[in-house]
Amino acid sequence: MDTTLAIGIYIFIWWITLFAVLPLGVRTQQEAGKVVPGTPESAPEKPRLLRVFVINTIVATMVFAFVYSAIVYRWIDVENVPYP
C-alpha cells in the first residue's frame, strides 16, 4: 500500500470514528444540575476533548490495522475497483 493512501485512509477513519467516540461518557449540564445561562441543557458539563482524542486515536488505529491488513493480504482487492 502506498504511504499517501495509508495516511489518507487513516485520516478518514479517524474522522469517522470521532463521531462515534465523541458522545461516550459525556455528562450533560442538565444531568449535573448546573446549566450555564445561554447554553443548551444538552451541552457537556466538561468536554474532556483530550480524553476523547486519545480514545478515538486508539479505536481508529485498530480499525486502520484491520483495513490495512484487508488490503495488504488482499481480502479486499483495491486494484480492480472501477474508477469513474
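Scroll up to find the structure.
In this report, we go over the structure that sits alongside the text. Bear in mind the structure is a predicted one, so any value in this text is a computation, not a measurement.

### Examining unusual backbone geometry
One can expect most non-glycine residues to show negative phi and most peptide bonds to be in trans. Phi angles above zero are rare outside glycine, and R48 is one such case at about 50°. Its place among the elements puts R48 in the loop between α2 (29–32) and α3 (49–72). We classify R48 as partly exposed; its relative accessible area is 44%. A positive phi angle, near 60°, is found at R74, a position not held by glycine. Among the structural elements, R74 can be located in the segment after α3. Assessed through its relative accessible area of 52%, R74 is described here as exposed.

### Some words on the environment of Y73
Topologically, Y73 is positioned in the segment after α3. Y73 sits in the exposed class, given a relative accessible area of 59%. Along the backbone, Y73 and P44 are 29 residues apart, and their C-alpha atoms lie at a distance of 42 Å.

### Thoughts on the nonpolar core
Residues A6, I9, I13, W14, L18, V21, V52, A60, F64 and I71 constitute the largest nonpolar core, which totals 10 residues. Taken together, the elements giving at least two residues each to this core come down to α1 (3–21) and α3. Per-element accounting of this core gives the leading share, 6 residues, to α1.

### Some points on the pattern of salt bridges
Following the criterion strictly, the structure yields 1 salt bridge and no others. Across the salt bridge formed by R27 and E45, the nearest N and O atoms sit 4.0 Å from each other. Highlighted residues: R27 in the loop between α1 and α2 and E45 in the loop between α2 and α3, separated in sequence by 18 residues.

### With respect to the environment of I71
Examined against the element boundaries, I71 turns out to sit in helix α3. Sequence separation between I71 and M1 is 70 residues, and the spatial gap between their C-alpha atoms is 7.6 Å.

### So, the packing of α1 against α3
Between two packed helices, both the angle of their axes relative to each other and the distance between the axes serve to describe the pair. Remark: α1 packs on α3, axes separated minimally by 8 Å, with the N-to-C direction vectors making an angle of 135°. Judged on the interaxial angle alone, α3 and α1 are oblique. For the crossing formed where α1 meets α3, the hand is right-handed. Residues A6, I9, Y10, I13, W14, T17, L18 and V21 of α1 form the contact with α3, whose own contacting residues are V52, F53, I55, N56, T57, V59, A60, T61, V63, F64, V67 and I71.

Scoring rules and cut-offs
Throughout this description, residue numbers start from 1 for each chain and increase along the sequence as written. Per-residue local features of the predicted model are confined to residues with pLDDT of at least 70, and side-chain atom pairs are confined, for both listing and counting, to 80 or more; whole-chain, interface and lining totals are unaffected and use all residues. Side-chain measures here rest on the full set of heavy atoms in the structure, leaving out hydrogens and waters. Numbering of helices and strands runs from the N terminus; a helix is a DSSP stretch of H or I covering at least four residues, while a strand is a stretch of E covering at least two. A 1.4 Å probe rolled over the protein chains alone gives each residue an accessible area, and that area as a share of the maximum for its type sets the label: buried under 20%, exposed over 50%, partly exposed in between. Think of a nonpolar core as a cluster: buried Ala, Val, Leu, Ile, Met, Phe, Trp, Tyr and Cys residues, connected wherever their side-chain atoms sit within 4.5 Å. Salt bridges are defined by distance alone: a side-chain nitrogen of Lys or Arg within 4 Å of a carboxyl oxygen of Asp or Glu. Under this scheme, a helix contributes an axis fitted over its contacting stretch, all axes are lines through C-alpha atoms, and angles between N-to-C directions fall in the 0 to 180 degree range. By the definition adopted for this analysis, an angle is roughly parallel if under 35 degrees, roughly antiparallel if over 145, roughly perpendicular if from 65 to 115, and oblique otherwise. The sense of a crossing depends on the near helix, which, turned anticlockwise from the far helix by less than a right angle, makes the crossing left-handed and, turned clockwise, makes it right-handed. Contact criterion: two residues are considered in contact whenever any of their non-hydrogen atoms come within 4.5 Å of each other.

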